[in-house]
Amino acid sequence: MESDVSPQTAAARLRQLSPLRPRLAILLGSGFHHVLSALRVDKKIHFTKIPGFPVPTINGHAGELVFGRLGATPVLVLSGRAHFYEGHSMEQVIFPIRTLAAFGIRDLLLTNAAGGINPDFRRGDFMVVTDHINLMGANPLRGPAVSGLNRFVDLTDTYDKGLRALLFRAGKKCHLRLHRGIYLAVSGPSYETPAEIRAFARLGADAVGMSTVPEALAARQYGLNVAAMSCITNPAAGMGKGPLSHAEVLKTAKKVEFLAVELLKNFTNSYGKTDEAWRRQTETTGR
Ligand code: HPA
């Protein structure tokens, strides 16, 4: 069901909730929810209480929006997301991102769980997304033109180099070697066949997952700076020993959740200390 609530209405609700006006938002996907435990919470609200927000139905996704501070940095956290595979329309999937843009968020970090395609990747590794391949079979920006928004969004630099540099710096601080790579998005909910994974490897994909791309596209349409990070929870189909299961994804995510917390804490600390000018400068020097 489509909502006729506007993102501006939802953003107004958020402004009433807390006096904090973070510039940074973090969307916590599978493997990253534990980050909430490190957050100094100012206010929390369930997605059901925000006009127009879709409600995630999947196990492990709470569906909460939290205002707080991670380290010293004010941040708006979305814990959980609505997936396309749950039956939500793309419009519903990206509604929270449109709300963040209307609220005044400038920088967005998207996180997810993904299957590893790159043979160098191990269970529990983290990958900074450098680019994506959209094989979801749908584009969230399809539909009537939205006044004031560019319809033909340029995706040359979807994932911001300055924010990426901050993620690598955060990894170094907690002695974690982060991979970099290309995230390929499928609609799911079934996992892939081994033949599909071999095909995706040939296309240049390093990891595969069922989210993130719609949100990244929506955010870029509003000119937000986007970064994305994957927790590699399993070898993709045909690359590991056994069959794939959601239980395996959650089990790996649980094992490395403390690392995810450290990583994001370091990220927000550097973010808080680093002004935009520095980040823009690293656009030419960042990895
Ligand atoms: N495939 C698609 N999505 C995923 C996977 C996978 O192997 N692991 C976690 N999310």
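Residues numbered from 1 in each chain as written. Predicted model: local features only at pLDDT ≥ 70, side-chain atom pairs only at ≥ 80, totals over all residues. Heavy atoms only, no water.

Draft legend 1. Representation of the overall build of the protein within the structure. Assigned secondary structure in the protein consists of eight helices and nine strands. Principal-axis analysis of the C-alpha atoms gives the protein an extent of 50 × 45 × 35 Å. The proportion of buried residues among the 287 residues of the protein is 55%. (Helix = DSSP H or I, 4+ residues; strand = E, 2+ residues; numbered from the N terminus. Buried < 20%, exposed > 50% of the residue type's maximum accessible area, 1.4 Å probe, protein only.)

Draft legend 2. How the structure looks around helix α6 (residues 246-255). What α6 keeps buried is the set Glu248, Val249, Thr252 and Ala253. Along the axis of α6, the buried residues cluster in a sector spanning 135°; they form a single face. Exposed and oriented more than 90 degrees from the buried face of α6 are Ala247, Lys251, Lys254 and Lys255. Structurally, α6 contributes buried residues whose contacts are with β5 (107-116), β9 (225-235) and α7 (257-273). (Arc of directions from axis to C-beta. Contact = heavy atoms within 4.5 Å.)

Draft legend 3. Examining unusual backbone geometry more closely. Cis geometry marks the peptide bond from Gly188 to Pro189, where omega comes out at 5°. Considering the arrangement of structural elements, one finds Pro189 in the loop between β7 (179-186) and α4 (194-203). Positioned with a positive phi, His175 is a non-glycine residue whose angle comes to about 55°. By the element assignment, His175 lies in the loop between α3 (161-173) and β7. For His175, a relative accessible area of 76% puts it in the exposed group. Although it is not a glycine, Thr212 adopts a positive phi angle of roughly 70°. In this structure, Thr212 sits in the loop between β8 (207-209) and α5 (213-221).

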